[in-house]
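Here is how the chains run, residue by residue.
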Amino acid sequence: MKFEADKIAARQLDLTARWHQATPAATGEGFDRLLEENHLRNFSLWHEEDVARRDDLGFEAVYKAKRNIDRFNQERNNFAEEMDKAVVAALTPPESGCPRNSETPGMMIDRLSILALKEFHMHEETVRADASAAHKEKCAEKLARIRRQRADLTGCLADLLADVAAKRRTFSVYYQFKMYNDPALNPQLYRNPKSGA
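Worth saying up front: this structure is predicted, and the values here are computed from it rather than measured.

1. Observations concerning the environment of A134
For step 1, the next point in the chain: Inspection of the secondary structure assignment puts A134 in helix 5 (residues 133-165).
For step 2, the next point in the chain: Residue classification places A134 among the exposed residues on the basis of a relative accessible area of 55%.
For step 3, the next point in the chain: With 32 residues separating them in the primary sequence, A134 and S102 have C-alpha atoms 39 Å apart.

The structure is reproduced here in structure tokens:
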């Protein structure tokens, strides 16, 4: 399997734009499906975070948004780890004998996903009809930085994947063990079983 950082980053931008026009859905196969599922969770998480910050919707809406945020965050991490499993299976990173990267490809792809969402929404602010010229200018500066950050991270991902394939660099997948979602590991849940239902 060939992993191309430029295509991964471009796919996230394309999905972001399309999903703002139609019902979001992951439709790819293989690694593309994992990429889309991860991006879909970040897309959903982004919009639930917006809802959770509103003061006019009442407790129930904010409560539901917070629960959705928790679920989407767990699922997004799960899909990042699934991407790492696919990369490990395809590239078989060396166990030792070369420098070890602190981030995994899945973690980097997840960050690129979030940056694609930031880029889309910051661009919206630069063309917002009811915003002042000063607001648009400030957002245009931020947009340029976000685009530079995405380009830099895309390059770093490309370098990592090439180095891993050539056995010049490696990474370790530790898996996150999200304790707060596990009824056996979160004391608030195992000491109060009804709260975890």
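2. Quick word on the pattern of salt bridges
Pairing of side chains with opposite charge becomes possible as their charged atoms draw close.
For step 1, the next point in the chain: Applying the stated criterion to the full structure yields 19 salt bridges.
For step 2, the next point in the chain: Residue E37 pairs with R41 through a salt bridge whose shortest N-O separation is 2.6 Å. Remark: R41 and E37 occur in helix 2 (residues 31-52); sequence separation between them is 4 residues, near one turn of the helix. One exposure class covers both E37 and R41, and it is buried.
For step 3, the next point in the chain: We note a salt bridge from E119 to R150, for which the minimum N-O separation is 3.4 Å. Taken as a pair, E119 in helix 4 (residues 105-126) and R150 in helix 5 lie far apart in primary sequence, 31 residues in all. As far as burial versus exposure is concerned, E119 and R150 are alike and both buried.
For step 4, the next point in the chain: Connected through shared salt-bridge partners, R33, E37, R41, R71 and E75 make up one network.

Cut-offs and rules
Residues numbered from 1 in each chain as written. Predicted model: local features only at pLDDT ≥ 70, side-chain atom pairs only at ≥ 80, totals over all residues. Heavy atoms only, no water. Helix = DSSP H or I, 4+ residues; strand = E, 2+ residues; numbered from the N terminus. Buried < 20%, exposed > 50% of the residue type's maximum accessible area, 1.4 Å probe, protein only. Salt bridge = Lys/Arg side-chain N within 4 Å of Asp/Glu carboxyl O.

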